Amino acid sequence: MTGRPAGRHPANRLAPWQLRAAFAVRLSAMYGREVPAYDTLVEVTREVNEDVLRERGGDAERLGTIARVTAERHGAVRVGTPAELEQAGRVFGALGMRPVGFYDLREAAASAVPVVSTAFRPVDGDELARNPFRVFTSLLTPADPRFFDPDLRRRLERFLAGRELFPPELLALADRAEAEQGLAEDDAERFLRLAVGAFELSAEPVDKAWYETLERVSAVAADIGGVGSTHINHLTPRVLDIDELYRRMTERGIEMIDTVQGPPRGVGPDVLLRQTSFRALDEPRALRLPDGTVTEGTLRVRFGEVEARGIALTRRGRARYDELLDLAEGEVAAARAAAGTRGSGAPRAAAGTRGSGASRDAAGTRGSATTRDPAAPRPAAAPHDATATAPRAAATRAGLLRSLWPTRFPGTERALAERGLAHFTYHAVADRARDGRTPPPDLPGLLREGWVRAEPIVYEDFLPRSAAGIFQSNLDGSGTRQEGEEGVAYDSDWLSGAVGRDVLDPFALYEEQQARSLARAAHELRLERPIPPPSSA
């Protein structure tokens, strides 16, 4: 598969969405060659989605057509400097993708994850429907003294300043594609080759001593600043039943992380985002030793993630979700502390919880620049329950979230809409039976009396604690963080300056989409006044 639209004359132009779709296809093919287990993940995802579609029919497509879900991917890349982030933004800008959301993984992770992140994605509804490819892009924070002392910071910044991630020809084509909203086919072909090549895993030897110096701080820092290039860290398909996928992957002998990150299942409408992954795999890499010789070794930093998307929550709904996470994680931490005082084995908190250790294997070589035989067999994975994490404590994080969920969230889409907890588009019901009544002025009344219907808006973005939990679950040790030091403050405005583009507020995007639909419904119903948005009281 080449990713090139069939039957196009060389003189034809490819629009940004076509470049984006072709890039996603080619990137997926490249990553499958580099990480064969990814192809297994895609295969199982396809099987699960087909089975769910057969079982649920049209309901399975309530949050996106099967064509969109099948094509959907998100990638993850990591860069080291604001200049590299700006260049990545130019490449993604050529694909019609804009930076959305600010994620501070330094504060979301219990282990050392010294990055701040944004997601490049389409923002227009039509563009998302054509191809919703997105890239979660993380930037290293060498200036944060909790992770990097002054000497290490100087060495790291000097190393990063001496590398080139994106060739000038690629950037020139990217700028032209964005300015002209597309490229002629020959130029598009060259752009796509260069863009995919920029994210391929390099064959250049890795300086083992330097890599391990950074790895003592953070495996994520080593993956970013310990090598002379960048690469796709993971590529993520979308699945309609993530728990069933987890079960089938485990049956195939693929070792999965201990849990599914995100909201619990089976307590109401699916909301936000649920994610899991197979564990990072040993990959053969050339390692340069201090004496200059090169030897065969392994690194374990890349993994295979999969996601299930739900309804976008409002600011109020999201605050309730975060509150539930704090409650559940606090109880898990208390249980661990109590178990420790009794001298018994303390239950591990689910990966990604604050104040807890990452859920991970005890093997000391995980993620490190090792020289063990990459062909050596690994022990078979033990079966996992996707809804119950590895800890044997009765009060698991997932169980606590499930039990607490009804205290903050209703069990139906209608109630989520009426209480202003989730985002929907609203549509006038053209064939409503005439009964002599006039439309009421409020949204709950319009819904109850059948004047409008609500269609859920898909959550297109990410959850910082879940992202940190996925990263954390694929790390070997927690790294080092000097808690006595004051961290450097980063925010969305700072990131906007770094990337050279406005980092958009995802809540504002959902609010605008919902408001447009309310205005359209009011016009179609010939209402004298606008329909007020759902109450947030």
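Look above for the structure.
Residues numbered from 1 in each chain as written. Predicted model: local features only at pLDDT ≥ 70, side-chain atom pairs only at ≥ 80, totals over all residues. Heavy atoms only, no water.

*Asks:* Hey, could you run me through the packing of aromatic side chains in this one?
*Replies:* For any pair of aromatic rings, geometry is given as the distance between the ring centres together with the angle between the planes. Using the criterion set out here, one finds 16 aromatic pairs in the structure. Ring plane angle 50° and centroid distance 5.5 Å describe the contact between Tyr103 and Phe136, whose orientation is recorded as tilted. Of this pair, Tyr103 sits in strand β3 (residues 98-104) while Phe136 sits in strand β5 (residues 134-140), and the two are 33 residues apart along the sequence. For the pair Tyr103 and Phe136, one class covers both residues: buried. Summarising the aromatic geometry, the rings of Tyr321 and Trp405 are spaced 6.2 Å apart at their centres and angled 70° between planes, so their arrangement reads as edge-to-face. Highlighted residues: Tyr321 in helix α13 (residues 315-341) and Trp405 in the loop between α14 (397-404) and α15 (413-418), separated in sequence by 84 residues. The pair Tyr321 / Trp405 is uniform in exposure class, with both members buried. (Phe/Tyr/Trp six-rings, centres within 6.5 Å; stacked < 30°, edge-to-face > 60°. Helix = DSSP H or I, 4+ residues; strand = E, 2+ residues; numbered from the N terminus. Buried < 20%, exposed > 50% of the residue type's maximum accessible area, 1.4 Å probe, protein only.)

*Asks:* Even after reading the chapter, I still don't get the sheet that holds strand β7 (residues 206-207), so can you show me in this structure?
*Replies:* Backbone-to-backbone hydrogen bonds join strands into a sheet, with any given pair of strands oriented parallel or antiparallel. The mixed open sheet is built from three strands, whose spatial order is β7-β10-β11. Each end of this open sheet is capped by a strand with a single partner; those strands are β7 and β11 (294-299). Strand direction decides the pairing type here: β7 and strand β10 (residues 283-288), joined by two bridges, are parallel. Bridging from a neighbouring strand, Asp207 pairs with Arg288 of β10. (Pairing = 2+ DSSP bridges.)

*Asks:* Would you mind showing me how to read the sheet that holds strand β4 (residues 115-121) here?
*Replies:* The five strands are arranged β3-β4-β5-β2-β8 in an open sheet whose pairing can be described as mixed. The sheet terminates laterally at β3 and β8 (234-237), the two strands that pair on one side only. The average undirected angle you get between the axes of adjacent strands in this sheet is 20°. In this structure, strand β2 (residues 73-79) lies alongside β5, joined through six bridges in parallel fashion. In the sheet register, Gly75 faces β5, and the bridge partner there is Val135. Across the face of the sheet, helix α18 (residues 492-499) comes into contact with β3, β4 and β5 while running at roughly 65° to β4. (Axes fitted to C-alpha atoms, helices over the stretch in contact; angles between N-to-C directions. Contact = heavy atoms within 4.5 Å.)

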